[in-house]
Amino acid sequence: MAQEITIKVGFGGQFRELTVRIQDDDVKPWQPEDRLHLIGDSLPRVDAAAKVTGTAKYAYDQQPAGMIYGKILRSPHANADIVSIDTDKASRMPGVKAVLKVPDIFEDKSARYAGAEIAAVAAETEAQAEAALRAIEVEYDIKPHCVTVEDSRKEGAPQVGRGGQQNVARISPRMGRRGGGNGDSRLARQEAAVKEIIDQADVAVEGEFRTEVQTHAPLETHGGVCTWEDGRLIFWASSQATFGFRNEMTSNWSRVKAKECQVLSEYVGGGFGSKFSAGREGVLGALLSKEAGVPVHMMLNRSEEQLSAGNRPDSIQQMKMGVSKDGEILGTRIRSWGTPGTGTGGAGAHNDGIYNIGETDKIEYGVRTNTGGARAHRAPGWPQGAFALEQMMDMAAEGIGMDRVEFRKKNDDHPIRKVEYDIAKQRIGWDQKRPVKGPGIKRKGVGMASNLWFSAGGGGASALVRITKDGQVEVRNGSQDIGTGTRTVMGMVVAEELGLDLDQVTTRIGNTDDPKGPASGGSTTIGTVTPAARLAAHHAKRQLLEIVAERKGWIASELDLKDQEVYKVGEGSLNLNFKDACALMDDDAIEVLKGRPRRNYEGFSDTNAGVQAALVEVDEETGEVRVEKVVAVADAGKIINPMTSESQVRGGVIQGVSFALFERRVMDRQKGRMLNDDLENYKILGAADCPEIDVVLLDVYNGKSNTQVMGLGEPPIVATAAAVANAVSDALGVRIYDLPITPKKVLEAIAKRDAARGTSEKKGERL
Amino acid sequence: MQDHPEDNPPKEGVSRRSFLQGAGVAAAAAGISRLPAEALAEERAAADLKELGPGAGKITLNVNGGSKSASAPPSTTLLDFLRNDLGVTGPKRVCDRGSCGACTVLLDGQVVDSCSMLAVDAVGKEITTVEGIGTPDNLSHLQKAFIEKDALQCGFCTPGMVVTCTAMLKENPNPTRDEIRQGLSGNLCRCGTYQNIIEAVEHASRTGGK
């Protein structure tokens, strides 16, 4: 069942009409001419006061009565099989209440990275639990290891997997426009075809680009606090997928098999993609609590977090691109390798998105290493892919002598990004002269890069709106707010629909006893949750207005709520405020539960775009790179709250600059262990290195849902490192192909540049 | 002045000196290695003080203007004592080694990483956590500025940031942007709120107040 409506779609004052079919009980998306009283206002977060006063209780902060502490014993070896685990001594240690052996639970007798779980204990104090871990005796069958992609790809490299598993596996044959099927012969034909295109192109450029493993490093580590009450498991979890977490506790395939489970994630100290799963720590926590019969606090420490709670895989990306003189990309060849830990999935790099890169021959390989496993990390695969692709774009533009921005425009048909380039260009001062400071010591440069995302949301969310007789309004959805502002925006949408102020709406989030919501993944939370919330609020409002109409002898269809009162559409106030209207109810409350339409509507654009420009200063004497400014032009459908949206973009940019300049997991190849499993040697960007970030938000009426909102967690991190790298190259006149861009790499690049200039004045530099 | 608590022992709990005498070389090496073990042994013999630890003993601290006691081993860090024993969970444990600032509290007005000092070393001092700076019904000027400027996302670094910035403004009511950046250098945020925090501190500084 559907209704047909006509809506306006577009942005920046340019709209066109579109007739679309929407779900029969849904409301029309907000239109450019609608007078909205809250949507589009920069309102402070509804949970901000709790967060600035320390009263916000995270999973880490839960302290149910009788709580004890769980700890996990981890393998010191990078590759071993577990021969035996003796926990007798440990279980007799003071305060110890429960001991578990990991192979008994996960049917896995291997420890394939230094940090793999071996056993777990719960004791009355943390010190007792740690002492008990030290008393566990483990016999390992230690095997040779490899912890880098290079080592693992070598002939005769130690086998990371078990059974017949190869270290290297092809994970993505992309067949391009000619293709179809996975057969090797088809791949070979495509390879030959693309090679011919590139060979015959006016100009060909190529490069090998590398990015390092980046850990998520959320400040609140993984884990939670759990307790069993009459067979029901209650889990305060640091999770970005409350319902997924619950499934891991209750499903048939669950190691826990709880009959019932409530997951509570009222506040979550960051996730960035690493907190979809309950993880082994979640399972072990639940089972320890069951065995001990008391609540268990099971949170990873910082080392464990760095070792085993996820990361962004590294990448080696070889790219070759053929371009015509007039700036069209004709063909691109891509080979890439990356390690997602002991598996092979998720190691790909999105270096073929964003632009039209012509006929493509792309093969990706996942490489097993004896390292902690990758997890989805804020735009998985995209920042590393953009790092390679955007440098190729600059190299190709330079190769044909075309302006770098014009070259991008020429190979880009995204309707929003076409506008965004010029905004970024103007605000970063693209065409300004940047004189060298001092006698050739400090050089400035600018770089540009784009992003692309797909975050209109989808089905899988319901919201409950409750309006009480005394005028209280509450909206509930069981998904989580990991710092993105979902709680606030959900409240704003409901308040807008009911003509109320934000502080008149209570928002409950992070509780699986409430209506279902999505995982915070793919930046789709807000686009999934808010249409359900608006729909529920709308129908609750209609029910209230039916009651009002009946009591007052008015016609319900002529009524609406605005400015805290009932008004007659087209005429004005009826002198009945919201509270008095609610008092007309016979029952205690109106409660409406509504689900979001399963599919997004046809609309303006399925994707959100984005362009970023970076201005850097490089000190040629020290090799230090300072990112002075980043202009981030972003769009995410309808912007509900510009302030929280801007914060999201700033956050993405900051993590992107951090990825560009600092972050790197350092593995000891001999010992097979991560050397910087902490926060002083694993560098993340601090306040002193934070650039000025100029965010420009475009408000797009995309028609995809009744709120038209898209998420904004991931898009802004895609372009940043690439824009910084291009700016560094612009400043130095030599390119750096590896992240992070450390002073050492800068100085090496300068030395090579100067050596090359000494021998010839050739311009198109290559390392 | 409470700079030398051993000169003015509190009524209950332990002083730094008596704890060190009990915990011996390991603890001394962890925190206060400038006192050689032999000197400690001599002092202990001379003073005839009883050993403390490794078992739990009563520790009383002055937290956010009130006296709070719990029983804990003398090896307990100030952070763990506040969180696990007193239930004061504003200060967060993030890196547990003094590199992120999420556990920042004020000790007689000075910022310290509460993960990197012992609870017994805080005996007799005034401890202020984020809970002591303002409450949701009675926010400090800076806390209001944090809210207004959206200087928080997930909020896990926020308690440490609020405490650090409170001390920063007390010491220097009109900091420049660079001074604010430097002042924040001991505090890490992963969501990326630095620019908003800088704006909040500037806002609070411009408008004065608590």
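Residues numbered from 1 in each chain as written. Chains lettered and ligands numbered in written order. Predicted model: local features only at pLDDT ≥ 70, side-chain atom pairs only at ≥ 80, totals over all residues.

1. Here we look at the overall build of chain A
Working step 1: Each helix and strand counted, chain A has 18 helices and 33 strands in total.
Working step 2: Radius of gyration (C-alpha) of chain A: 28 Å, near the 27 Å computed for a compact globule of 767 residues.
Working step 3: For chain A, the spread of C-alpha atoms along the principal axes amounts to about 90 × 75 × 55 Å.
Working step 4: In chain A, buried positions account for 56% of the 767 residues.
Working step 5: Partitioning the intrachain contacts of chain A with sequence separation of at least 6 by distance along the chain shows that 79% fall at a separation of at least 24. (Helix = DSSP H or I, 4+ residues; strand = E, 2+ residues; numbered from the N terminus. Rg over C-alpha atoms; globule rule 2.2 N^0.38 Å. Buried ≥ 20, exposed ≤ 12 C-beta atoms within 10 Å, placed from the backbone. Contact = placed C-beta atoms within 7 Å.)

2. Description of the overall build of chain B
Working step 1: Secondary structure summary: chain B contains seven helices and five strands in total.
Working step 2: The N-to-C order of helical and strand elements in chain B reads α-α-β-β-α-β-β-β-α-α-α-α.

3. Re the packing of helix α5 (residues 158-171) of chain B against helix α7 (residues 194-207) of chain B
Residues and elements named next belong to chain B.
Working step 1: Direction vectors running N to C along α5 and α7 enclose 40 degrees, while the axes themselves pass 11 Å from each other. When the axes of α5 and α7 are compared, the pair comes out oblique. In this structure, α5 crosses over α7, and the sense of that crossing is right-handed. Contacts from M161, C165, M168 and L169 in α5 reach I197, V201, A204 and S205 in α7.
Working step 2: Among the residues forming the contact of α5 with α7, the class breakdown is seven nonpolar, one polar and no charged. (Axes fitted to C-alpha atoms, helices over the stretch in contact; angles between N-to-C directions. Parallel < 35°, antiparallel > 145°, perpendicular 65-115°, else oblique. Left-handed = near helix turned anticlockwise from the far one by under 90°. Nonpolar A, V, L, I, M, F, W, Y, C, P; charged D, E, K, R; others polar.)

4. Some points on the sheet that holds strand β7 (residues 117-123) of chain A
All names here are of chain A.
Working step 1: Strand order in the open sheet made by the seven strands is β5-β7-β3-β15-β12-β13-β14, with mixed pairing throughout. Since the sheet does not close on itself, it has two edges, and those belong to β5 (96-101) and β14 (260-264), each with one partner. When the angles between neighbouring strand axes are averaged without regard to direction, this sheet yields 20 degrees.
Working step 2: Of the strand pairs in this sheet, strand β13 (residues 232-237) and β14 are connected by five bridges, and their pairing is parallel. If you follow I234 over to β14, its bridge partner there is Q262. (Pairing = 2+ DSSP bridges.)

5. Side note on the interface of chain A and chain B
Working step 1: Counting from both sides, the interface comprises 44 residues of chain A and, opposite them, 44 residues of chain B.
Working step 2: For the side of chain A that touches chain B, the secondary-structure elements that each account for two or more residues are α1 (48-52) and α16 (642-661) of chain A.
Working step 3: With seven residues, the top contributor of residues to the side of chain A that touches chain B is α16 of chain A.

6. As for the pairing of strand β24 (residues 559-562) of chain A
Residue and element names in this part refer to chain A.
Working step 1: Across the two faces of β24 the burial differs, with L559 and L561 buried and D560 and K562 not buried at all.
Working step 2: Both β24 and strand β25 (residues 565-568) contribute to a ladder of four bridges, which runs antiparallel. Paired with L561 across the strands is V566, a residue of β25.
Working step 3: In textbook terms, the turn of a hairpin is the stretch between consecutive antiparallel strands, and for β24 and β25 this stretch comprises two residues, one of which, D563, has a positive phi near 50 degrees.

7. Some details on the domain arrangement of chain A
One widely used convention gives an interface's size as the accessible area the parts lose upon coming together.
Residue and element names in this part refer to chain A.
Working step 1: The domains assigned to chain A are domain 1 (59-145 + 219-308), domain 2 (168-215 + 311-385) and domain 3 (414-455 + 605-759).
Working step 2: In this structure, domain 1 and domain 3 have C-alpha centres spaced 37 Å apart.
Working step 3: Each partner contributes residues to the interface: domain 1 has eight residues there, and domain 3 has seven residues. (Domains from an automatic or database assignment.)

8. Concerning helix α12 (residues 417-428) of chain A
Residues and elements named next belong to chain A.
Working step 1: Between the first and last C-alpha of α12 there are 16 Å, a value that for 12 residues agrees with the 16 Å anticipated at 1.5 Å per step.
Working step 2: Taken together, the buried positions of α12 are R417, E420, Y421, A424, K425 and I428. Down the axis of α12, the buried set is contained in an arc of 135 degrees. They therefore lie on one face.
Working step 3: The inward-facing, buried residues of α12 abut α11 (404-410), β20 (442-450), β28 (611-619) and β29 (625-635).
Working step 4: Following α12 by one or two positions, G429 adopts a phi angle in the positive range, close to 75 degrees. (Expected span 1.5 Å × (residues − 1). Arc of directions from axis to C-beta.)

9. A word on unusual backbone geometry
Glycine aside, residues mostly have negative phi, and peptide bonds are mostly found in the trans state.
All names here are of chain A.
Working step 1: Here the residue pair L739 and P740 is connected by a cis peptide bond, since its omega of -10 degrees sits within 30 degrees of zero.
Working step 2: One can find P740 in the loop between α17 (715-732) and α18 (743-759).
Working step 3: Positioned with a positive phi, A217 is a non-glycine residue whose angle comes to about 50 degrees.
Working step 4: Structurally, the position occupied by A217 is in the loop between β11 (214-215) and β12 (223-229).
Working step 5: Among the residues examined, A217 registers 27 C-beta atoms within 10 Å and is labelled buried.
Working step 6: Phi is positive for S523, close to 55 degrees, though the residue is something other than glycine.

10. Things to note about the environment of I590 of chain A
All names here are of chain A.
Working step 1: Note on placement: I590 falls in strand β27 (residues 589-595).
Working step 2: In this structure I590 comes out as buried when scored by C-beta crowding, with 21 C-beta atoms within 10 Å.
Working step 3: The spacing of I590 and K541 is 49 residues in sequence and 8.9 Å in space, taken between C-alpha atoms.

11. Description of the domain arrangement of chain B
Residue and element names in this part refer to chain B.
Working step 1: Split by domain assignment, chain B resolves into domain 1 (9-132) and domain 2 (141-207).
Working step 2: Facing 13 residues of domain 1, the contacting portion of domain 2 comprises 11 residues.
Working step 3: Among the elements that take part in the side of domain 1 that touches domain 2, strand β3 (residues 104-107) stands out by supplying three residues, more than any other.
Working step 4: Here the residues of the side of domain 1 that touches domain 2 sort into eight nonpolar, four polar and one charged.

12. Here's the deal with the sheet that holds strand β1 (residues 2-11) of chain A
Residue and element names in this part refer to chain A.
Working step 1: Read across the open sheet, the three strands follow the order β2-β1-β33; overall the sheet is antiparallel. The open sheet has two edge strands, β2 (14-23) and β33 (700-701), and neither has a second partner.
Working step 2: Summarising the sheet, β1 and β2 pair through 10 bridges and their orientation is antiparallel. Residue K8 lies in a different strand from β2, and its bridge partner there is E17.

13. Regarding the nonpolar core
Residues and elements named next belong to chain A.
Working step 1: Of all hydrophobic cores here, the largest spans 261 residues; its most connected members are V121, F235, V494, V724 and V728.
Working step 2: By residue number, the principal contributor to this core is α17, which donates 12 residues.
Working step 3: In this structure, V724 is in contact with G447, A614, V616, V627, V657 and A660, ignoring residues within four places of it in sequence.
Working step 4: V149, W337, A347 and Y365 belong to the second-largest nonpolar core, a separate cluster that totals six residues. (Core = buried A, V, L, I, M, F, W, Y, C linked by C-beta atoms within 7 Å.)

14. Brief notes about the environment of S238 of chain A
All names here are of chain A.
Working step 1: Examined against the element boundaries, S238 turns out to sit in the loop between β13 and α7 (242-250).
Working step 2: Classification of S238 by C-beta neighbours within 10 Å gives buried; the count is 31.
Working step 3: In contact with S238, not counting residues within four places along its chain, are Y58, A59, Y60, E220, H222, G223, G224, S265, V268, G269 and K275.

15. A word on the pairing of β20 of chain A
All names here are of chain A.
Working step 1: With eight of its nine residues buried, β20 lies for the most part within the structure.
Working step 2: Both β20 and β28 contribute to a ladder of nine bridges, which runs antiparallel. When the sheet's bridge partners are listed, K442 is paired in β28 with D619.

16. Points about the confidence of the model for chain A
Low pLDDT marks regions whose predicted coordinates should not be analysed in detail.
Working step 1: Of the residues in chain A, 97% reach a pLDDT of 70 or more, and the chain-wide mean stands at 95.
Working step 2: Throughout residues 761-767 of chain A the model reports pLDDT below 50, and contacts reaching past four residues in sequence, or to other chains, amount to 10 contacts. (pLDDT = per-residue confidence, 0-100.)

17. A closer look at the confidence of the model for chain B
Working step 1: Across chain B, the average pLDDT comes to 85, with 75% of residues at 70 or higher.
Working step 2: Throughout residues 1-34 of chain B the model reports pLDDT below 50, and contacts reaching past four residues in sequence, or to other chains, amount to 64 contacts.

18. Here's the deal with the packing of helix α13 (residues 486-498) of chain A against helix α14 (residues 525-552) of chain A
Residues and elements named next belong to chain A.
Working step 1: Where α13 contacts α14, the two axes come as close as 9 Å, and the packing angle between them is 30 degrees. Regarding the angle of α13 to α14, the classification is roughly parallel. With respect to the hand of their crossing, α13 and α14 are arranged in right-handed fashion. The residues of α14 that touch α13, namely those facing T486, V489, M490, V493, V494, E497 and L498, are T525, I526, V529, T530, A533, R534, A537, H538 and K541.
Working step 2: Looking at the contact of α13 with α14, its residues break down into nine nonpolar, four polar and three charged.

19. Some words on the environment of D230 of chain A
Residues and elements named next belong to chain A.
Working step 1: Residue placement: D230 occurs in the loop between β12 and β13.
Working step 2: Accessibility expressed as a C-beta count within 10 Å gives 6 for D230, which makes it exposed.
Working step 3: In this structure the C-alpha to C-alpha distance between D230 and M490, which are 260 residues apart in sequence, comes to 34 Å.

20. Observations regarding α7 of chain B
Working step 1: Taking 1.5 Å of rise per residue, the 14 residues of α7 of chain B would be expected to cover 20 Å, and the 20 Å separating its terminal C-alpha atoms lies within 8% of that figure.
Working step 2: Buried within α7 of chain B we find Y194, Q195, N196, I197, I198, A200, V201, A204 and S205 of chain B.
Working step 3: Elements in contact with the buried residues of α7 of chain B: α16 and β32 (692-698) of chain A together with α4 (141-148), α5 and α6 (177-183) of chain B.
Working step 4: Positive backbone phi, approximately 65 degrees, marks G208 of chain B, located one or two places after α7 of chain B.

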